[in-house]
Amino acid sequence: DSGVTQTPKHLITATGQRVTLRCSPRSGDLSVYWYQQSLDQGLQFLIQYYNGEERAKGNILERFSAQQFPDLHSELNLSSLELGDSALYFCASSVGAGGYEQYFGPGTRLTVT
Amino acid sequence: GESVGLHLPTLSVQEGDNSIINCAYSNSASDYFIWYKQESGKGPQFIIDIRSNMDKRQGQRVTVLLNKTVKHLSLQIAATQPGDSAVYFCAEVSQTGANNLFFGTGTRLTVIP
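Residues numbered from 1 in each chain as written. Chains lettered and ligands numbered in written order. Predicted model: local features only at pLDDT ≥ 70, side-chain atom pairs only at ≥ 80, totals over all residues. Heavy atoms only, no water.

Trainee: If you had to explain the overall build of chain A to someone new, which residues and values would you point to?
Mentor: Broken down by element type, chain A carries 0 helices and 11 strands. Ordered by position in the sequence, the α and β elements of chain A form the string β-β-β-β-β-β-β-β-β-β-β. On C-alpha atoms alone, chain A measures out to a radius of gyration of 13 Å, which is about the 13 Å that the 2.2 N^0.38 rule sets for 113 residues. In terms of overall dimensions, chain A has a C-alpha envelope of 35 × 25 × 25 Å along the principal axes. Sorting the 113 residues of chain A into buried and exposed places 50% on the buried side. With the model as given, the accessible surface of chain A reaches about 5300 Å², and the carbon-plus-sulfur share is 47%. Side chains of chain A carry 8 positive and 11 negative charges; the gap between the two charge centres is 3 Å. (Helix = DSSP H or I, 4+ residues; strand = E, 2+ residues; numbered from the N terminus. Rg over C-alpha atoms; globule rule 2.2 N^0.38 Å. Buried < 20%, exposed > 50% of the residue type's maximum accessible area, 1.4 Å probe, protein only. Areas by Shrake-Rupley, 256 points an atom, 1.4 Å probe, with all protein chains shown as cover. Lys, Arg positive; Asp, Glu negative; His and termini not counted. Charge placed at Lys NZ, Arg CZ, Asp CG, Glu CD.)

Okay, here's the thing in structure tokens:
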């Protein structure tokens, strides 16, 4: 158990809908990272927050957004969902902002039908 | 941009043998490299890391080798066990750009009992 929690574990929704994925980092970690993993693909970095502020942006679509709250939990919002958005979404956390020693949560499996 | 790739998508080894998983990276400015293990249905699990000022680092049954001259990273697993069966990802962090991890596609390791 990495100490990073994600909810929900599974999510099934229809095209055009909007969903929110939630992540709670390990105790003491200030950074939260979001990744997308499509079937048989590697992990694609989406976005990083550090202590409530956006720190780095990767391949995140404009339809997607995220935020980190004062209690350091983070939410990833996915809107106008398309079939191609079906994937595993992982959250990771680390103590610092430098990307080092990231610990991953169990992921949320999103299925868009 | 950074890119991390793997030489072999699959690797099968006999239980008890040593495994070597290879990875090539393209960004010579990357200063930190990590190996992750991902079992089916789980999030990536941190195995071992190495900084660019080192060429070898050992953990429990695992060794990571870094060859900066040819931009090559390898993970050696000694006395491979059935529980080592998983997908292994290498990832790099570059401090010259966004401080996030760039992952390769992964190598699936299958241990034959």
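Trainee: Describe the interface of chain A and chain B, naming the residues involved and giving the relevant values.
Mentor: Facing the 22 residues of chain A at the interface are 21 residues of chain B. Counting every contact that joins chain A to chain B gives 0 salt bridges. Taken together, the residues that form the side of chain A that touches chain B break down as 11 nonpolar, 8 polar and 3 charged. (Contact = heavy atoms within 4.5 Å. Salt bridge = Lys/Arg side-chain N within 4 Å of Asp/Glu carboxyl O. Nonpolar A, V, L, I, M, F, W, Y, C, P; charged D, E, K, R; others polar.)

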